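Here is how the chains run, residue by residue.
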Amino acid sequence: MSTPRNPAAAPTLGHSLKHLATHLITPLLMCLGMALAYQGAFHQPEPHHLKVAVVGTTPQAQGLAQAIQGKAGDALDVRTVDDRAAAEQQLRDRDLVGAFVPDAKSPELIVAKGNSDTSVVAATAVFTNVTDRQGVPLHVTDLTTPAKGDPTGQGLFFLLVALSIGSYASVAAIGAAGAGLSVKIRALVGVAVSLVVSVIGIVTAGPVFHVVDHDCAAIWALGWLYSAGIVLIGIGLHSFLKKWTTLALMVLFVMLNFTSSGGIYRPELQNGFFGGLHGFWTGAGFLEGARSIMYFDGGAGLGGHVVTLLVWLLLGGAALVAAAMYEGRGRRPVEAPQEAEEAEEEMEETVAV
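These numbers were taken from a predicted model, which means no experiment stands behind them.

(A) Geometry of the pairing of strand E1 (residues 50-55). Summarising burial for E1: five of the six residues are buried, a large majority. Relative to strand E2 (residues 76-81), E1 runs parallel, the two sharing six bridges. Looking across to E2, one finds that Lys-51 is bridged to Asp-77. Regarding topology, helix H2 (residues 59-72) serves as the crossover connection from E1 to the parallel E2, and that connection is right-handed. For E1 and strand E3 (residues 98-101), the ladder comprises three bridges, and the chain directions are parallel. If you follow Ala-53 over to E3, its bridge partner there is Ala-99.

Next up, the structure:
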């Protein structure tokens with residue numbers, strides 16, 4: 001004879017709805033955060049001190065530069081450079097977006113699309129207006145050569161996305177399945193996982209899709225630094241945030257990271273908040289460093305971008321030290337079945353995103 005179920009053991013409707021509402025908080029906050037971040041960063045791109053130049057030392061060249069600056073206001077930062085060689089050097093140093101060479105019959109705009117294709121589009125629009133008034137076409141010369149598999153120059157941004165998702169999703173897996181391990185062991189696993197993530201990234205971006213067609217080792221090294229920083233920060237934060245770690249990592253490494261990386265628009269086309277983040281956020285460190293390697297022969301501020309990635313890696317180390325001290329005081333509880341279930345759900349939510 002079967003044993004009758006105890007009605008008292010079944011959860012009430014109110015309890016079930018409360019449990020469901022609690023689990024909906026995270027995805028709804030993710031939705032709100034993504035909407036605010038992406039629309040705030042990308043909804044209205046406008047030039048802000050876009051750096052362009054007019055080539056020449058004649059009064060006509062100086063007058064043209066002053067006229068363009070006066071009409072554009074804060075949208076542009078217009079200067080003059082002595083000659084073509086000086087203009088090309090400033091473009092290779094990423095100090096300029098475009099340099100206009102006046103000519104009555106064949107005016108030319110010199111650009112470096114490897115710096116940012118969208119910024120080049122904005123600069124081209126400015127000087128197309130100038131040449132349209134002259135009644136002659138504008139000739140655009142690009143000093144950089146796009147990779148075989150990346151004619152738009154956006155491929156490095158998508159590599160950034162892949163590295164980021166692989167990294168913060170791994171944090172959820174380590175937190176869910178490795179909760180019983182010490183911080184030291186989890187950190188070692190994290191370093192190994194970030195190595196795997198970086199290898200997957202460079203293999204797919206290099207030999208598979210030819211987004212990276214030279215200096216693969218240097219791009220891979222940047223990718224490992226970038227991934228390791230995310231993973232170590234995530235492991236450290238998990239000791240404190242538990243089920244809220246996924247949301248925190250999405251804020252840090254998706255909402256604020258992708259939007260400030262310069263992958264879609266560089267700071268000169270963004271508002272002050274996201275443009276300001278670009279100066280020190282980890283995604284910008286990787287992406288701009290990779291651009292410097294790919295398109296500017298390892299110059300154009302590469303050292304500063306490497307320093308940015310190292311600082312974030314050190315932040316990860318600091319988070320691990322704090323986590324080890326916290327857990328060393330006996331504040332890492334033995335995971336109950338319900339907590340283990342929530343950790344598994346956290347990992348599923350992360351991978352789904």
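Once you've had a look at it, read on.
(B) Here's a closer look at a nonpolar patch on the surface. Together, Ile-25, Leu-29, Leu-32, Leu-36, Phe-240, Leu-241 and Trp-244 line one region of the surface with nonpolar side chains, adding up to about 610 Å² of accessible area. For the nonpolar patch, the secondary structure elements donating two or more residues are helix H1 (13-42) and helix H7 (216-241). Take the nonpolar patch: its biggest share by element is four residues, from H1. By secondary structure assignment, the location of Phe-240 is in helix H7. In this structure Phe-240 comes out as partly exposed when scored by relative accessible area, which is 39%.

(C) How the structure looks around the sheet that holds E2. An order of E2-E1-E3-E4-E5 is seen for the five strands of this open sheet, with the pairing classed as mixed. The strands lining the two open edges of the sheet, one partner per strand, are E2 and strand E5 (139-142). The average angle at which neighbouring strand axes cross in this sheet is 25°, direction not considered. Note that strand E4 (residues 108-111) and E5 share four bridges and pair parallel. In the sheet register, Leu-109 faces E5, and the bridge partner there is Val-140. Seen against the sheet, H2 touches E1, E2 and E3 and runs at an angle of roughly 175° to E2. Of the strands in this sheet, E1, E2, E3, E4 and E5 touch helix H4 (residues 117-134), which is tilted by about 40° from E1.

Parameters at a glance
- Residues numbered from 1 in each chain as written.
- Predicted model: local features only at pLDDT ≥ 70, side-chain atom pairs only at ≥ 80, totals over all residues.
- Heavy atoms only, no water.
- Buried < 20%, exposed > 50% of the residue type's maximum accessible area, 1.4 Å probe, protein only.
- Helix = DSSP H or I, 4+ residues; strand = E, 2+ residues; numbered from the N terminus.
- Pairing = 2+ DSSP bridges.
- Right-handed = clockwise from strand over helix to strand, strands pointing away.
- Patch = residues over 30% accessible without salt bridge, like charges linked within 9 Å, V, L, I, M, F, W, Y side chains within 5 Å.
- Areas by Shrake-Rupley, 256 points an atom, 1.4 Å probe, with all protein chains shown as cover.
- Salt bridge = Lys/Arg side-chain N within 4 Å of Asp/Glu carboxyl O.
- Axes fitted to C-alpha atoms, helices over the stretch in contact; angles between N-to-C directions.
- Contact = heavy atoms within 4.5 Å.

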